[in-house]
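What follows is each chain in one-letter form.
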Amino acid sequence: MIKTPRLILRPLEKKDISSLVRNMSDKNIVDGLEGVPESFTEKDAFEWVDYCNKDKKILMFGIESSEGSELLGEIGLNPIKNKTGEIVYWISRKEQGKGFASEAISHFMKYIAEKTEIERVNAEVYSENEKSIILLQKAGFRYTGSKRKSGKEERLYSWSRN
């Protein structure tokens with residue numbers, strides 16, 4: 001668990017199911033994520049929570065207000081190889097623009113640096129997602145290139161332990 005001034009980053013729980021279904025049905029959120037079924041169901045949400053809590057290789061936290069509200073989003077790290085991972089995150093549409101993603105990313109990266117052996121974190125973001133690009137740059141990620149994926153240009157960013 002990670003506590004920030006306004007947030008708690010904690011393992012996903014069964015109580016997050018309805019929020020996961022609602023947010024994973026939001027095209028604006030899902031368009032920036034990979035592997036989310038087109039029709040995300042309650043069954044998918046249960047399976048996701050179970051997977052995140054059982055697979056010790058993946059590091060996935062729910063983002064919750066420190067005042068104890070429903071799930072505001074998720075942030076996590078998918079392992080790649082050789083002490084490298086890929087950061088993934090989303091914030092519910094009604095909570096966007098309030099600085100929650102910036103706060104979560106900042107504290108999550110500090111946690112990665114202090115509590116794991118990860119030396120490099122990659123991020124992939126669609127070129128039109130300017131807000132996410134700015135968040136990554138503020139968190140110390142550097143542009144490393146681009147590629148085309150699903151007909152869209154993706155920008156690649158990387159953070160390295162110094």
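Structural data are supplied above this passage.
Residues numbered from 1 in each chain as written. Predicted model: local features only at pLDDT ≥ 70, side-chain atom pairs only at ≥ 80, totals over all residues. Heavy atoms only, no water.

I tried to follow the pattern of salt bridges on my own but got confused; where do I start?
Throughout the structure, instances matching the rule amount to 11 salt bridges. Note that lysine 15 is salt-bridged to glutamate 64, the shortest N-O span being 3.3 Å. With a gap of 49 residues between them, lysine 15 in the loop between strand S2 (7–11) and helix H1 (17–23) and glutamate 64 in strand S3 (residues 59–65) connect regions that are remote in the sequence. Lysine 15 gets classed as exposed once you look at its relative accessible area, which sits at 54%. The residue lysine 83 makes a salt bridge to glutamate 119 at a minimum N-O spacing of 3.9 Å. Here lysine 83, found in the loop between strand S4 (71–81) and strand S5 (84–91), pairs with glutamate 119, found in the loop between helix H4 (100–115) and strand S6 (120–126); they are 36 residues apart in sequence, far enough to count as distant. One network of salt bridges, in which partners are shared, links Arg10, Glu13, Lys15, Asp16 and Glu64. (Salt bridge = Lys/Arg side-chain N within 4 Å of Asp/Glu carboxyl O. Helix = DSSP H or I, 4+ residues; strand = E, 2+ residues; numbered from the N terminus. Buried < 20%, exposed > 50% of the residue type's maximum accessible area, 1.4 Å probe, protein only.)

Looking at this structure, I do not really get the pairing of S4. What am I missing?
On a regular strand, each side chain points to the face opposite its neighbour's, so the side chains alternate between the two faces of the sheet. Pairing between S3 and S4: six bridges, direction antiparallel. Across the sheet, the residue bridging to phenylalanine 61 is isoleucine 75, located in S4. The pairing of S4 with S5 spans eight bridges and is classified as antiparallel. Its bridge partner being in S5, glycine 73 is matched across the sheet by isoleucine 91. Counting the residues that bridge the hairpin from S4 to S5 gives two residues, and of these asparagine 82 lies at a positive phi of roughly 50°. (Pairing = 2+ DSSP bridges.)

Looking at this structure, how should I read the pairing of S3?
Most of S3 sits out of view: six of its seven residues are buried. The turn joining S3 and S4, which pair antiparallel and follow one another in sequence, is formed by five residues; a positive phi near 80° is taken by glycine 68.

Please clarify how the side chain of serine 65 should be interpreted in this entry.
In this structure, serine 65 sits in strand S3. Look at serine 65 and you get buried, because its relative accessible area is 12%. Among residues more than four places away in sequence, those in contact with serine 65 are Arg6, Leu7, Ile8 and Leu72. (Contact = heavy atoms within 4.5 Å.)

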